Amino acid sequence: MKVLENGVDEQNLVAAAQQDPSRFADLYESNFDRVYAYVSRRVLHRHDAEDLTAEVFHAALRDLERLEWRGRPFAAWLMGIAAHLLADGWRHAAKRPEISTSDLERGDVGVDAIDFTIIDPKIEERAMLYQLVGELPLDQRQVILRRFVEQKSVREIALELGRSAGAIKQLQFRALQNLRMRIGSCHVERVHRRSTR
Amino acid sequence: MSNASIVDQLDENIEALLAHADSEPPISDPAVCELLAVAAELRTLPDPDFKARLKADLIEQAAPCADPAAHTDSRMITRPFAESAKKMSAPCASAILPTLFGAGYGAYPVHRSSFIASALAHTTALALLVTVGIWAARDAHEVPKVSSVVLTDLSPYVLPPAPDEAGGGGGGGDREKLRASKGNPPRFASEQITPPAIVVRNEHARLTADPTVVGPPSLSFPQTGPMGDPLSGILGPPSNGTGSGSGMGSGSEGGVGTGRGPGVGPGSGGGIGGEIYRVGGGVSAPHAIYDPEPEYSEEARKARYQGVVVLQVVIGADGRPGDVRVARTLGMGLDQKAIDAVRQWRFEPALKDRRPVAVVVNIEVTFRLY
């Protein structure tokens, strides 16, 4: 997230990736969590979010050389792609009779009406949370990933890790406390950084 | 509330949250509530394996013209990546024609059929254009353009008035027993110094001058044959005729023919007699009312030959062309084409004293290739 705060760095990354597509990995690392956070708020299932995120980055890599840097965050461009893909997906899904109306309510809005130059703070916070999970101590991170990504029960995790269920619950509790504390401080830090610019 | 109970309560709520994503968790403790809010956000936590797989796949995609088999055989590949790999199975195709293979339009759908239809339409149009061009070039030929105009010869020479007989004319003779022999009259001049003679009596005259007849100086007769009366039917022997007052013929006063005066032909006063006038001096010009253009001769067309033919034509009192002669030849069959055409012409005849008369006019026919 550090890179994303600095427009000049991001511009350099984009220019480098346009020259050498293998440098796209840097942009990917910087923006994956944001794109995933944006997409996951608009689809119901994890596999849909993964598919859509993958499509966004593939399309971005394909069209990167056509991108003209105009000072907009790179993430805004990615979210624009995501929004178009979502709109296409919903339009396609709307033709199927079995689609539920809740799917449509989640985000079937005019893509052109969305201002992607300002990234939703909720998206920012969610992306930040994803990053913070990676910074947790190993045992806490293992529990969080198994519990929320793999959606395993405490008992299953305990068996896998060779710990007691109580220990797993404690690790889960401490991990969430950690995350809550860190995201709070990150939020304060970010607000402070913006105010001092 | 003890720490143990909070931990248990949190886990129960998380269990409920994961089991029923849309249901409200049965929370009670505010501390649990805050942690549960974080847990709710973690439900969408991305799988680190997915992130790594996607990164690896993007790196492969970024590598230009990578081995397509490497994409299809990859066990790490995800569903959209499989589609992507399928797209990339045409080696380097998108690099050659990116739009044709759907690349370059980002998230928007691209139909190959549209490109194929477009290519077919363009090919057809191009083939049509080339065919028409070849056909036009092969059959191209110059358009022959023939124009003709009746030349109104307004001679500055004004014929003297002839109160008794219409038209000019003249005649002469040497009181011989034989009629004047056939030949060409001398050239016209506005003033006569020496009358024409077929048989010259004084071959050693001190003062000599060319014989002439009075008439339009622009009008000339062929001077190739022997001198004589053009209207005479006698070819020989040479005789100045039965007339008087020098000249040739049966008339008088130094002209040629049966008239009286220094001109040629019947009538009197000079000029050309015999009811054939020239335009001017009270004689109006004939006006063509039917004048089909001559054809271009094939010979001249192939040789890209062009130019002007001048015909001297007598337009009769009935408006029909009579005697047609070539005044300026062009050759290549164009003279005959001009004559053939002009013979079909019809005129409003020339008028003199409100009476139609025959006139001699020049008709200029221009043959041009465009």
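Heads up: the structure comes first, above all this text.
Sequence positions are assigned chain by chain, starting from 1 and proceeding in written order. The naming scheme follows written order: chains are lettered A onward, ligands numbered 1 onward. In view of the model being predicted, local features appear only for residues whose pLDDT reaches at least 70, and side-chain atom pairs are presented and counted only at 80 or more, with totals across whole chains, interfaces and linings using the full set of residues. Only heavy atoms go into the side-chain values, all of them from the structure, while hydrogens and water stay out.

1. Points about the overall build of chain B
For the purposes of this entry, the term helix denotes a DSSP run of H or I that reaches at least four residues, the term strand denotes a run of E that reaches at least two, and both are numbered from the N terminus. The secondary structure content of chain B amounts to nine helices and 14 strands. Looking at chain B as a whole, 36% of its 370 residues qualify as buried. Across chain B, contacts joining residues at least 24 apart in sequence account for 69% of those joining residues at least 6 apart. Areas reported here follow the Shrake-Rupley algorithm with a probe of radius 1.4 Å; residue values treat only the protein chains shown as occluding. Entry remark: accessible area of chain B is about 20,900 Å², with carbon and sulfur atoms responsible for 57%. Note on exposure labels: buried denotes an accessible area under 20% of the residue type's maximum, exposed denotes more than 50%, and partly exposed covers the range between, all computed with a 1.4 Å probe on protein chains only. We call two residues contacting when some pair of their heavy atoms lies within 4.5 Å.

2. Observations concerning the packing of helix H7 (residues 121–134) of chain A against helix H2 (residues 30–42) of chain B
Closest axis-to-axis distance for the H7 of chain A/H2 of chain B pair is 10 Å, and the angle between their directions is 90°. Between H7 of chain A and H2 of chain B, the angle is such that the two are roughly perpendicular. Of the residues in H2 of chain B, those touching H7 of chain A at Arg126, Leu129, Tyr130 and Val133 of chain A are Val38, Glu41 and Leu42 of chain B. When grouped by side-chain class, the residues that make up the contact of H7 of chain A with H2 of chain B number five nonpolar, no polar and two charged. Under this scheme, a helix contributes an axis fitted over its contacting stretch, all axes are lines through C-alpha atoms, and angles between N-to-C directions fall in the 0 to 180 degree range. When an angle is under 35 degrees it counts as roughly parallel; over 145 it counts as roughly antiparallel; between 65 and 115 it counts as roughly perpendicular; any other value is oblique. Gly counts as polar in this scheme, as do all residues outside two lists: the nonpolar Ala, Val, Leu, Ile, Met, Phe, Trp, Tyr, Cys and Pro, and the charged Asp, Glu, Lys and Arg.

3. Notes on the interface of chain B and chain A
Every contact between the two is made by 40 residues of chain B and, on the other side, 45 residues of chain A. Of the roughly 4,300 Å² buried at the junction of chain B and chain A (both faces included), carbon and sulfur atoms supply 64%. On the chain B side of the interface with chain A, the three residues burying the most area are Leu42, Leu45 and Lys51 of chain B, jointly 14% of the side's total. Two residues, Lys51 of chain B and Glu29 of chain A, come together in a salt bridge whose shortest N-O distance is 3.6 Å. Polar contact is the term for a pair of N or O atoms within 3.5 Å; when the atoms are in protein, one must be able to donate a hydrogen and the other to accept it, and sequence-neighboring residues count only if both atoms are side-chain atoms. Across the chain B-chain A interface, the total number found is 14 residue pairs in polar contact (both at pLDDT 80 or more). Residue assignment for the side of chain B that touches chain A shows that the elements contributing at least two residues are helix H1 (3–19), H2, helix H3 (48–62) and helix H5 (79–88) of chain B. Residues of the side of chain B that touches chain A, tallied by class, amount to 22 nonpolar, six polar and 12 charged. Each of two parts loses accessible area, computed with a 1.4 Å probe, when they are put together; buried area is these two losses added. Throughout this description, the term salt bridge denotes a Lys or Arg side-chain nitrogen within 4 Å of a carboxyl oxygen of Asp or Glu.

4. Side note on the environment of Arg301 of chain B
Residues and elements named next belong to chain B. With respect to the helices and strands, Arg301 occurs in helix H8 (residues 298–302). On the basis of relative accessible area, Arg301 is assigned to the partly exposed category, the value being 26%. Separated by 33 residues in the primary sequence, Arg301 and Leu334 place their C-alpha atoms 10.0 Å from one another.

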